[in-house]
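# Fold and contact review
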Amino acid sequence: MNTRRVAIVGGNRIPFARANGPYAHASDQDMLTATLDGLVERFGLEGERLDEVVAGAVLKHARDRDLTREAVLGSKLAPETPAYDIQRACGTGLETVISVANKIALGQIDVAIAGGVDTASDAPIAVNEDLRQVLLDLNRAKSLPARARTLTRLRPGQVVPEIPRNSEPRTGLSMGEHTALMAKDWGVTRAEQDELAALSHQRMAAAYDRGFFDDLLTPYLGLERDQNLRPDSSVEKLAKLKPVFGGESGTMTAGNSTPLSDGASAVLLASEEWAAERGLPVLAYFADAQSAAVDHVHKGEGLLMAPAYALPRLLDRAGIGFGDVDLFEIHEAFAAQVAATLKAWRDPVFARERLGQDKPLGEIPSEKLNVNGGSLAAGHPFAATGGRIVASLAKALDERGSGRGVISICAAGGQGVVAILEK
Ligand SMILES: CC(=O)SCCNC(=O)CCNC(=O)[C@H](O)C(C)(C)COP(=O)(O)OP(=O)(O)OC[C@H]1O[C@@H](n2cnc3c(N)ncnc32)[C@H](O)[C@@H]1OP(=O)(O)O
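Cut-offs used in this document
Residues numbered from 1 in each chain as written. Predicted model: local features only at pLDDT ≥ 70, side-chain atom pairs only at ≥ 80, totals over all residues. Heavy atoms only, no water. UniProt positions renumbered as here; feature names shortened; annotations may be inferred. Near = heavy atom within 4 Å. Polar contact = N/O pair within 3.5 Å; in protein donor to acceptor, adjacent residues only side chain to side chain. Areas by Shrake-Rupley, 256 points an atom, 1.4 Å probe, with all protein chains shown as cover. 1 Å grid on protein atoms, 1.4 Å probe; cavity = no way out; pocket = protein on both sides within 12 Å on 5 of 7 lines; lining within 4 Å. Sits in = over half its atoms within 2 Å of the grid points. Phe/Tyr/Trp six-rings, centres within 6.5 Å; stacked < 30°, edge-to-face > 60°. Helix = DSSP H or I, 4+ residues; strand = E, 2+ residues; numbered from the N terminus. Lys NZ or Arg CZ within 6 Å of the ring centre and 35° of its normal. Points joined across faces, edges and corners; volume = space filled by probe spheres on them. Nonpolar A, V, L, I, M, F, W, Y, C, P; charged D, E, K, R; others polar.

Per an unreviewed UniProt entry, the protein goes by the name Acetyl-CoA C-acetyltransferase and belongs to Solirubrobacter pauli. What the UniProt record of the protein gives under Sequence similarities (unreviewed entry) is the line "Belongs to the thiolase-like superfamily. Thiolase family."

Here the focus is the site of the ligand. Inspection of the region around the ligand gives 23 residues, with Arg18, Asn166, Thr258, His331 and His380 positioned closest. With respect to the ligand, the side chain of Arg18 contributes an N or O atom lying 2.2 Å from an oxygen atom. One of the side-chain N or O atoms of His331 is found 2.9 Å from an oxygen atom in the ligand. Summarising the interface, the protein chains cover 67% of the accessible area of the ligand, which totals 1,000 Å² for the free molecule. A molecule is said to occupy a pocket when more than half its atoms come within 2 Å of that pocket's grid points, and by this definition the ligand occupies the largest pocket.

Another point: the packing of aromatic side chains. The full count for this structure, using the stated rule, is eight aromatic pairs. Taking the centre distance of 5.8 Å and the plane angle of 70° together, the rings of Trp186 and Phe350 count as edge-to-face. Of this pair, Trp186 sits in the loop between α6 (175–185) and α7 (190–209) while Phe350 sits in helix α12 (residues 348–353), and the two are 164 residues apart along the sequence. Each ring, one from Phe322 and one from Trp345, has its centre 5.7 Å from the other, and the planes form 85°; the classification is edge-to-face. One end of the pair, Phe322, is in the loop between α10 (306–318) and β10 (327–330); the other, Trp345, is in helix α11 (residues 335–345), with 23 residues separating them in the sequence. Pairwise contacts between aromatic rings join Trp186, Tyr309 and Phe350 into one cluster. Above the plane of the ring of Tyr285 lies Arg5, whose end atom (NZ or CZ) is 3.8 Å from the centre. The residue whose ring lies beneath Lys395 is Phe212, and the NZ or CZ to ring-centre distance is 4.9 Å.

Turning to the layout of surface pockets, a few remarks are in order. A volume near 1,000 Å³ is recorded for the largest pocket. A class-by-class count of the residues in the lining of the largest pocket yields 24 nonpolar, 14 polar and six charged. Only α7 and α11 provide two or more residues apiece to the lining of the second largest pocket. Here the lining of the second largest pocket gets six residues from one element, more than from any other, and that element is α7. In terms of residue class, the lining of the second largest pocket is built from six nonpolar, four polar and six charged.

Glancing now at empty space enclosed by the protein. Applying the stated criterion across every chain yields a total of one cavity of 30 Å³ or more. Estimates place the volume of the largest cavity at around 40 Å³. If you trace the largest cavity, you find it lined by Gly11, Asn12, Arg13, Phe213, Leu216, Ser265, Ala266, Gly387, Arg388, Ala391 and Ser392. Counting residues per element, the ones that place at least two in the lining of the largest cavity are β1 (6–13), β8 (261–271) and α14 (385–400). Per-element tally for the lining of the largest cavity: the top contributor is α14, with four residues. The residue inventory of the lining of the largest cavity, partitioned by class, reads four nonpolar, five polar and two charged.

Right, here's the structure in full:
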């Protein structure tokens, strides 16, 4: 099959906020629209009819069933721009990029925006299931007496709402509790986690200071930088925090876990021809992607370990190894998730028994990993993380002038998505 190269032209995001902070009253649609408009302004797309806009959110209100299309209608893009939603938990943002990149590669479209948004502040709240059934029956009742009979089924206890929990439906454990189990399985220490967390903050602060994010970010509601970022973060300060997952002897804290966050991101992708016609630069090219899933339900595998399986499959297909990769961007859901994944990739037993390979993938040197900081510093508005990472890696490859970068994102449901970008 003939495929075309897929250019990553640029990205935009609003600074990520901590939940219940400055974006507490902004909806998914507000944040996505503002992010699209920032991208429109940066690349002179006002009034343009693009071929697709694809985005998603992990936490969605019922009214947001067509979230992306509604955000497009509220944006400065032409109303004739089609749009659709995608959802793969925390892999959503990367999955939207893969979706439009495949269409561009196949020649079905020339230009598209991929994005993601999430708010932990404005989370959807469902009504009690019994109350929902009464309300549905009320809607179905055809006569006044039938409606009255239905209403007699109402009970005071049914007004208690159902607040969404950040937990796995089939285990009841939160993401943090699952990761605490992974940390134990893989012997991840507190010191390893705190080191990763401190580096994430220090590197992101340095990237801000040298202007790395100047053309990747649009200020929003008074924020100019990610609210969670602590430039003065240190292993010593992190070591003082109490465990929040894994009980009293746990190693995971508020400092080495991502905070609940609000935010949005978007990436502009196009055929090389489209970019050249506009005189727009190409930061990097999208090369390939792969997903995988683990069985955390029946086999008790680590919930967030799927990238450990996805990446070897992707590298195999590309015929390359760790030595051929210049930059790695691993989503820091929790420092323990990154540490456990790194351990799996250098473990000969994991390679043999789980991957069916003679040798482990190898070591990733710290100077190649999350060089401009990661989710621990930026925060993690679930579906917005993929776009943040794609834009940052594309820009980092552009700064290098050439090279290859790998993205690895773990997701709820025992899933993982990985991708390769090239310059
Ligand atoms: C696939 C995936 O991505 S799965 C990931 C999905 N995401 C999640 O599950 C989110 C997980 N995170 C959480 O649930 C919450 O953020 C928690 C439970 C970790 C922490 O919540 P909170 O207790 O509200 O955190 P809070 O921000 O108040 O921090 C607690 C303390 O640690 C301190 N702290 C937090 N980060 C740091 C840091 N980097 N350095 C120093 N101190 C810090 C805070 O200042 C605060 O101190 P204080 O009590 O003196 O004010």
